[in-house]
Amino acid sequence: MPFWAFGFHQTRWGYADSADLLNMIVNYKNYEIPLDVVWSDIDYMLDYEDFTINQNEFFPSEMKFIKEFGLKYVVIIDIGIAARNRSEPYEKGLKENVFIKSAVTGKPLFNWVWPGLAVFPDFNSFQAFKYWGDNVQSL
């Protein structure tokens, strides 16, 4: 575990935008409440799609202030990949054959989670680990 992981963490779902998140940090500092790590839930995503950032609400220029406060910043990435034709992670995953498949049909299994209809990487496959790592790296 990195040393900072033992510090004081704050996480919640429901930040409207990066200004709302930064306001929380300022309030922690104003009230002298210890804070070492800030987590963002899926609010930062565009349409709750993994490996995206809603740049209309969460501005990278504002998010850099988190580091200036001396804090670590962690984003939550859910396991469900939005099964939309325009979703780059979905298309890439289909092409790389990394999603859990039905034993009967051999086609990817679908379920409903935050982004709507979704598929799930099969982490029993090395290719799925590589796929996930590549997407995290690009984020």
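Residues numbered from 1 in each chain as written. Predicted model: local features only at pLDDT ≥ 70, side-chain atom pairs only at ≥ 80, totals over all residues. Heavy atoms only, no water.

Novice: Describe the overall build of the chain, naming the residues involved and giving the relevant values.
Specialist: When its secondary structure is counted, the chain shows four helices and six strands. In the chain, the succession of helices and strands from N to C terminus is β-α-β-α-β-β-α-β-β-α. Its C-alpha atoms put the chain at 60 × 35 × 20 Å along the principal axes. Across the 139 residues that make up the chain, the buried fraction comes to 35%. Contacts in the chain between residues far apart in sequence, at least 24 positions, make up 65% of those at least 6 positions apart. (Helix = DSSP H or I, 4+ residues; strand = E, 2+ residues; numbered from the N terminus. Buried < 20%, exposed > 50% of the residue type's maximum accessible area, 1.4 Å probe, protein only. Contact = heavy atoms within 4.5 Å.)

Novice: Could you give me a rundown of the pattern of salt bridges, with the residues and numbers involved?
Specialist: Pairing between side chains of opposite charge can happen when the charged atoms of each approach one another. Throughout the structure, instances matching the rule amount to four salt bridges. In this structure, Asp47 and Arg86 form a salt bridge, with 3.2 Å as the shortest nitrogen-oxygen distance. Taken as a pair, Asp47 in the loop between strand E2 (37-40) and helix H2 (60-68) and Arg86 in the loop between strand E4 (81-82) and helix H3 (88-96) lie far apart in primary sequence, 39 residues in all. In this structure, Glu49 engages Arg86 in a salt bridge whose closest nitrogen and oxygen atoms are separated by 3.3 Å. Of this pair, Glu49 sits in the loop between E2 and H2 while Arg86 is found in the loop between E4 and H3, placing the two residues 37 residues apart along the sequence. For Glu49, a relative accessible area of 5% gives the class buried. (Salt bridge = Lys/Arg side-chain N within 4 Å of Asp/Glu carboxyl O.)

Novice: So what about the nonpolar core? Which residues, and what values?
Specialist: The biggest cluster of nonpolar side chains holds 15 residues, and the ones touching the most others in it are Leu21, Met24, Ile25, Leu35, Val38, Ile66 and Leu71. Those elements that place two or more of their residues in this core are helix H1 (18-30) and H2. Per element, the largest residue contribution to this core is five residues, and it comes from H1. In terms of nonpolar packing, the next biggest core, distinct from the first, is built from 10 residues, Ala83, Phe99, Tyr131 and Trp132 among them. (Core = buried A, V, L, I, M, F, W, Y, C linked by side-chain atoms within 4.5 Å.)

Novice: For the packing of aromatic side chains, give the residues involved together with the corresponding values.
Specialist: Using the criterion set out here, one finds seven aromatic pairs in the structure. Measuring from centroid to centroid gives 5.6 Å for Trp13 and Trp114, while their planes differ by 35°, and the two rings are tilted. Separated by 101 residues along the polypeptide, Trp13 in the loop between strand E1 (9-12) and H1 and Trp114 in the loop between strand E5 (111-113) and strand E6 (116-119) bring together distant segments of the chain. For Trp13, a relative accessible area of 45% corresponds to the partly exposed category. Residue classification places Trp114 among the partly exposed residues on the basis of a relative accessible area of 47%. Here a set of aromatic residues connected by ring pairs shows up, and it is made of Phe51, Phe123, Phe129 and Trp132. When the ring centre of Tyr15 is taken as reference, the NZ or CZ atom of Arg12 above it lies at 4.2 Å. (Phe/Tyr/Trp six-rings, centres within 6.5 Å; stacked < 30°, edge-to-face > 60°. Lys NZ or Arg CZ within 6 Å of the ring centre and 35° of its normal.)

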